[in-house]
Amino acid sequence: MTNRKSWVYLNDRLARYLFISSAILVSLIILCIIWFVGMQGLSTFKEASILEFFTSSKWSPDNGQFGALTFIAGSIGTTIIAILLGGPLGLAGAVFLAEIAPPWVRSIMRPATDLFAGIPSVVYGYVGITVIVSFTGKITDSPTGYGMLAAGIVLAIMILPTVISLSEDALRSLPRTYKEASLALGATRWQTIRRVLVPAASPGILTAIILAMARAIGETMAVQMVIGNSPRFPDSLGSPTSTLTSNIVMEMGNTPFGSTWNNALFMMAFILLIIALIMIILVRTASRKGATR
């Protein structure tokens, strides 16, 4: 009996040390990635101006011009369009699944929604080229249809599963007493949803929106296929432009490692990394607020 207890105690100790070692290893890997990308990116400013990089839209590495404002604006613009289109639609879908749809509809639509999250981004990009680009070309009078609007619509479709799934989970995790008390006071179903359930689930819904934004701003292949990949500042929704991710994937393979051009692309990746870290902090903050309510 004593030997058995000693063996169980030893296994617990080994498991504890294994988990601690794994956590330390993962943390070191993340820190090394941040350090490597950051050091390579900051090396850009040995030969290029910080002010020019963030405020100029002139991108011509062969002529020593490294203005990344075009790509930053393209990333922010496409993300805003995606959230403005996909956010309300995703929230409406979550409300429908959580409060309106009968059980048999929910049992079909929820797995279908999760399935959409697993579709490769290149498939979304191909659909964007064949369907959405022609549609945006007509409504923007663009000769090609490529641009921020096409990219934003594709991203809006891509983030729908994230918004729907997380928002529905937030709504369904609310105590039933919220709904019952509202209905008992004479509120209609829509008043209960709009004034009670959605505000009560707002931390979870905000988390869904933030994660969807992180997905949108970091998407590469689908955006690269429909945005036009032109290094010019977007002057309209239908004008071809580029984003941080699409420019990196287009040019990284053609630049010698350690050159200013290559370092500038690393700096773009570092900007995306910082944005992702900010998103994670916002998600943690929203989760803590939801836990304390």
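As the structure is a computational prediction, the values presented were derived from the model and not from experiment. (Residues numbered from 1 in each chain as written. Predicted model: local features only at pLDDT ≥ 70, side-chain atom pairs only at ≥ 80, totals over all residues. Heavy atoms only, no water.)

A. Just the pattern of salt bridges, in detail. All told, the structure shown has six salt bridges when counted by the stated rule. Arg110 is paired through a salt bridge with Asp114; the nearest N and O atoms lie 3.5 Å apart. Residue Arg110 and its partner Asp114 are both found in helix H4 (residues 103-117); the two are separated by four residues, about one turn of the helix. Arg176 serves as the salt-bridge partner of Glu180, at 3.7 Å between the closest nitrogen and oxygen. Within this pair, Glu180 and its partner Arg176 are both found in helix H7 (residues 176-184), separated by four residues, close to a single helical turn. Judged by its relative accessible area of 62%, Arg176 is exposed. It is possible to trace a salt-bridge network through shared partners that takes in Arg110, Asp114, Glu168 and Asp169. (Salt bridge = Lys/Arg side-chain N within 4 Å of Asp/Glu carboxyl O. Helix = DSSP H or I, 4+ residues; strand = E, 2+ residues; numbered from the N terminus. Buried < 20%, exposed > 50% of the residue type's maximum accessible area, 1.4 Å probe, protein only.)

B. Just the packing of helix H6 (residues 148-172) against helix H9 (residues 202-218), in detail. As a packed pair, H6 and H9 sit with axes 8 Å apart at the nearest point and diverge in direction by 155°. Classified by the angle between their axes, H6 and H9 sit roughly antiparallel to one another. Along this stretch, H6 crosses H9, giving a crossing that reads as right-handed. Residues Leu155, Met158, Ile159, Thr162, Val163, Leu166, Ser167 and Ala170 of H6 touch H9, and the partners they reach there are Gly204, Ile205, Ala208, Ile209, Leu211, Ala212, Arg215 and Ala216. Its residues placed into classes, the contact of H6 with H9 shows 12 nonpolar, three polar and one charged. (Axes fitted to C-alpha atoms, helices over the stretch in contact; angles between N-to-C directions. Parallel < 35°, antiparallel > 145°, perpendicular 65-115°, else oblique. Left-handed = near helix turned anticlockwise from the far one by under 90°. Contact = heavy atoms within 4.5 Å. Nonpolar A, V, L, I, M, F, W, Y, C, P; charged D, E, K, R; others polar.)

C. Main features of the side chain of Ser182. Mapped onto the secondary structure, Ser182 falls in helix H7. The class for Ser182 is buried, based on a relative accessible area of 9%. Beyond its immediate stretch of four places on either side in the chain, Ser182 contacts Ala187, Thr192 and Val196.

D. Fine view of unusual backbone geometry. A positive phi angle, near 55°, is found at Asp141, a position not held by glycine. Mapped onto the fold, Asp141 is located in the loop between helix H5 (121-140) and H6. Asp141 sits in the exposed class, given a relative accessible area of 70%.

E. Quick look at a nonpolar patch on the surface. Nonpolar side chains collect at one region of the surface, where Tyr17, Ile20, Ile24, Leu28 and Leu31 lie side by side and expose about 480 Å² of accessible area between them. For Leu31, a relative accessible area of 54% gives the class exposed. (Patch = residues over 30% accessible without salt bridge, like charges linked within 9 Å, V, L, I, M, F, W, Y side chains within 5 Å. Areas by Shrake-Rupley, 256 points an atom, 1.4 Å probe, with all protein chains shown as cover.)

F. Representation of the nonpolar core within the structure. In terms of nonpolar packing, the biggest core is built from 35 residues, with Val154, Leu171 and Val226 touching the most fellow members. Looking at this core, the elements with two or more residues in it are helix H3 (69-100), H5, H6, helix H8 (189-200), H9 and helix H10 (221-226). Top contributing element to this core by residue count: H6, with 13 residues. Residues contacting Val154, with those up to four places away along its chain left out, are Tyr124, Gly128, Ile132, Ala222 and Val226. Counting residues in each nonpolar core, the second largest holds 19 residues, with Phe53, Trp59, Met268 and Leu272 among its members. (Core = buried A, V, L, I, M, F, W, Y, C linked by side-chain atoms within 4.5 Å.)

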